[in-house]
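Chain by chain, the residues:
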Amino acid sequence: MTSTRTDPSTNPSTSAAGVVVVGGGQAGFSVVSALRSAGYDGPVTVFADEPHLPYQRPPLSKKAHTDRDGVRVDLVPESFYRERDIGLRLGDAVTAIDTAARTATTGQGLRVPYDHLVLATGARNRPLPVPGAELAGVHGLRSLDDALAIGRALTTARDVVVVGGGFIGLELARVAVAGGARVTVVELADRLLSRAVSPQLQEHLRERHERSGVRILTGTAVHAIEGTDRVRQVVTDRGPLPADLVVYGVGAAPRDELARAAGLAVDDGVIVDEQLRSITDPRVCAVGDCARHPHPHAEGLVRLESVQNAADQGALVGRRIAGSPSPYASLPWFWSDQGDVKLQIAGLRANTDEVRVAPGDSPERLAAYAFRDDRLVAVETLNWPAEHLAARRLLERRTPVSAADLAGSTLGALARARRAAEVRT
Amino acid sequence: MPIVIFELPDGTQRKVSAAPGTVLMQAAVSNGVEGIVAECGGNASCATCHVYVDDRHTARVGPPNDVEDEMLDFTAAERRPTSRLSCQIGLSDELDGLIVHVPEEQV
Ligand SMILES: Cc1cc2nc3c(=O)[nH]c(=O)nc-3n(C[C@H](O)[C@H](O)[C@H](O)COP(=O)(O)OP(=O)(O)OC[C@H]3O[C@@H](n4cnc5c(N)ncnc54)[C@H](O)[C@@H]3O)c2cc1C
Ligand code: FES
């Protein structure tokens, strides 16, 4: 690589090659949208292997979609890209990157030069490692096409088995039960969402889902899926469960194989620095589900799968390439709508040593506050968006909140009081 | 189809037409109106679709609902008496000509 005096990854002067974005999802969209808003006027092209305009994934597990026209998931209409002179190559995957020559090669045989290459390739579902997983009627849920196939199957399904009690599985279970199917969730761990939320909320969620009619089998392994042409039953260690539709959600893995093949540092995600540049090559960066990055709220590197992370990382990279660099420090947050339960998480819960659960002002509302060294680091709320937002405001500003500060109060009350104090001073 | 106007912080106006039955946030996002972020896609979870309803139109639009009212205390830009979450404003022909002001910041 040639040596330059300025950092090449923040140099706004544009040559003819411009920016190539690999992946037209939440993060890829955010990159191109931020590039143009920040005034970047070089060539910008998005390569997306899916045939669809860039879309949002969260609605896919929260509603049953049966046809493309009935789904409102596009991030923005096609005119948005046209008006901003953003090249969109739908249905054309990038198949190789040459970091020395600074070119990307596509499935349709294009060889495209770049000044900056952004990997926004997302994640893929981990396969369900049991015999019969390839039978008709067994679906993973990641893409719009997956969601449409499941939505159509739900119009006739009687017995639905959801394998995996994570966010996507629980969201879909509630959609299916609301549509009138008998629904069983089979989860290997002893609890639902075992790594994602505090134990007290896991119990509460289980109760809410069971009350809505979803049957939940925790501590239960799936051994096989059986049927002749289509799925007929799911064999578990509690016996067979009849099924005419199986949806599994057993985790996702980053799509980092392009980076690995190009010789970039990869370890369950493309390893990037605090500006989201590959630690191997500053002309390449990675954003969203495929990136493993440092974060001021985490010890070591993290890889997050959330809309917030994808959108904020994409915007940061877009602004950096346009000439305004800053380290990535956005507060992580997440939401999941599971039937009548709105679960929201602000902050990172790993390595917390104390969790306090407090009821809200109505029976539907609950919050779990997680502390590390008596300092609030993460807040999980159920059906309580205002408390979630208050948590975000306080955690973003790194306002210290101790367990004592919260005794008999809510973050909402604390945040309002602090805001009022700021206004007075 | 109702026509609604988004006035951006720099004073420029974006006039968009919206299908009745949709919400104001959708009209903004599907027309690429900058400054309406709508991170949660309209689920009343994020407060990044905050707008100030023009003083002349507040009566037509009405007040926020309870959850929205609580959330409005934590928007990124200051809350004002005319603050609303645009994903909670349903569009009908009665709102034709509505003007809303987009705040400086959303996140
Ligand atoms: C069903 C579902 C529900 C979800 N619900 C929520 C939720 O409620 N809240 C939340 O915060 N998050 C949710 N998420 C997670 C969130 O959607 C992701 O974290 C986010 O989409 C990540 O954005 P991304 O751009 O990194 O990846 P994606 O949005 O997955 O986009 C990556 C795109 O790149 C394409 N691609 C990959 N390789 C190539 C290549 N070589 N060439 C061209 N294109 C390529 C992929 O096909 C894909 O279209 C959900 C995810 C799913 C699947
Ligand atoms: S879009 Fe999230 S609250 Fe309106």
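These lines cover the structure that appears in this document, whether it is placed above or below. Along each chain, residues carry numbers from 1 onward, in the same order as the chain's sequence is written. Chain letters and ligand numbers both follow the written order, the letters beginning at A and the numbers at 1. A pLDDT threshold of at least 70 governs which residues receive local features in this predicted model, and a stricter bar of 80 or more applies before side-chain atom pairs are shown or counted, although totals over entire chains, interfaces and linings include all residues. Only hydrogens and water are removed before side-chain values are computed, so all heavy atoms of the structure are retained for them.

**Topic: the overall build of chain B**
- Numbering goes from the N terminus for both helices and strands, where a helix is a DSSP run of H or I of at least four residues and a strand is a run of E of at least two. Helices and strands together make up the secondary structure of chain B, namely three helices and five strands.
- Secondary structure elements of chain B, listed N to C terminal, follow the sequence β-β-α-β-α-α-β-β.
- Note on method: radius of gyration uses C-alpha positions; expected globular size equals 2.2 Å times residues raised to 0.38. Whereas a compact globule of 107 residues would reach a radius of gyration of roughly 13 Å, chain B reaches 12 Å, a difference of no more than 12%.
- Across the 107 residues that make up chain B, the buried fraction comes to 51%.
- Summarising the internal contacts of chain B: among those between residues at least 6 apart in sequence, 64% fall at separations of at least 24.
- For accessible areas, the Shrake-Rupley method is used with a probe of radius 1.4 Å. Any residue's cover is judged against the shown protein chains and nothing else. Accessible area for chain B stands at about 4600 Å²; split by element, carbon and sulfur atoms hold 48% of it.
- Two residue types count as positive, namely Lys and Arg, and two as negative, namely Asp and Glu; His and chain ends fall outside the count. The atoms used to mark charge sites are NZ of Lys, CZ of Arg, CG of Asp and CD of Glu. Of note, chain B has its 7 positive side-chain charges centred 6 Å away from the centre of its 17 negative side-chain charges. Throughout, exposure labels follow a simple rule: accessible area from a 1.4 Å probe, protein chains only, divided by the maximum for the residue type, with under 20% read as buried, over 50% as exposed, and the rest as partly exposed. Any two residues having at least one pair of non-hydrogen atoms within 4.5 Å are treated as being in contact.

**Things to note about the interface of chain A and chain B**
- Every contact between the two is made by 29 residues of chain A and, on the other side, 23 residues of chain B.
- Buried area is a sum: the accessible area each of two parts loses on coming together, probed at 1.4 Å, counted once for each and added. Regarding the contact of chain A and chain B, the summed buried area is about 2000 Å², with carbon and sulfur atoms giving 47% of it.
- What makes a salt bridge here is a side-chain nitrogen of Lys or Arg within 4 Å of a carboxyl oxygen of Asp or Glu, nothing more. Our count for the contact surface shared by chain A and chain B stands at four salt bridges.
- One salt bridge in this structure joins B:Asp73 and A:Arg416, with 2.5 Å as the shortest N-O distance.
- Counted as a polar contact is a pair of N or O atoms within 3.5 Å, where, for protein atoms, one must be capable of donating a hydrogen and the other of accepting one, and residues adjacent in sequence contribute only when both atoms are in side chains. At the junction of chain A with chain B, the criterion picks out eight residue pairs in polar contact (both at pLDDT 80 or more).
- Residue assignment for the side of chain A that touches chain B shows that the elements contributing at least two residues are α7 (307-321), β22 (333-338), β23 (341-347), α8 (385-396) and α10 (411-424) of chain A.
- A per-class count over the side of chain A that touches chain B returns 13 nonpolar, five polar and eleven charged. Side-chain classes follow a simple rule in which Ala, Val, Leu, Ile, Met, Phe, Trp, Tyr, Cys and Pro form the nonpolar group, Asp, Glu, Lys and Arg form the charged group, and the remainder, Gly included, forms the polar group.

**Digging into helix α5 (residues 199-211) of chain A**
Residues and elements named next belong to chain A.
- For α5, spanning 13 residues, the distance from its first C-alpha to its last is 19 Å, which sits close to the expected 18 Å at 1.5 Å a residue.
- Buried residues of α5: Leu201, Gln202, His204, Leu205, Arg206, Arg208 and His209, and no others.
- The elements touched by buried residues of α5 are α4 (167-178), β12 (215-217), β22, β23, β25 (366-372) and β26 (375-382).
- Once α5 ends, the next one or two residues include Gly213, with phi positive near 105°. Given a helix with a known number of residues, its expected span is that number minus one, times 1.5 Å.

**Observations regarding empty space enclosed by the protein**
Residue and element names in this part refer to chain A.
- A pocket, in this scheme, is an open set of points on a 1 Å grid over the protein atoms alone with protein on both sides within 12 Å along at least 5 of 7 lines, while a cavity is a set where a 1.4 Å probe fits but cannot get out; residues line either one if an atom lies within 4 Å of a point. Grid points are joined across faces, edges and corners, and a volume is the space filled by probe spheres set on the points. Evaluated as defined, the whole model comprises one cavity of 30 Å³ or more.
- Here the largest cavity is characterised by a volume of approximately 50 Å³.
- Surrounding the largest cavity, Leu60, Lys63, Ala64, His65, Leu141, Ala147, Ile150, Gly151, Leu154 and Leu172 form its lining.
- Sort the elements by how many residues they give to the lining of the largest cavity and helix α3 (residues 144-154) lands first, with four residues.
- For the lining of the largest cavity, a count of residues per class yields seven nonpolar, two polar and one charged.

**Topic: α3(A)**
- Burial in α3(A) covers these residues: A:Leu144, A:Ala147, A:Leu148, A:Ile150, A:Gly151, A:Ala153 and A:Leu154.
- Looking at the buried positions of α3(A), the neighbouring elements they touch are β9 (138-140), β10 (159-163), α4 and β16 (245-248) of chain A.

**A few points about the pairing of strand β13 (residues 222-226) of chain A**
Residues and elements named next belong to chain A.
- Strands qualify as paired when DSSP identifies two bridges or more between them. In this structure, β13 lies alongside strand β14 (residues 233-236), joined through four bridges in antiparallel fashion. Bridge pairing links Glu226 to Gln233 in β14.
- Hairpin geometry of β13 and β14 is characterised by an intervening segment of six residues between the two adjacent antiparallel strands.

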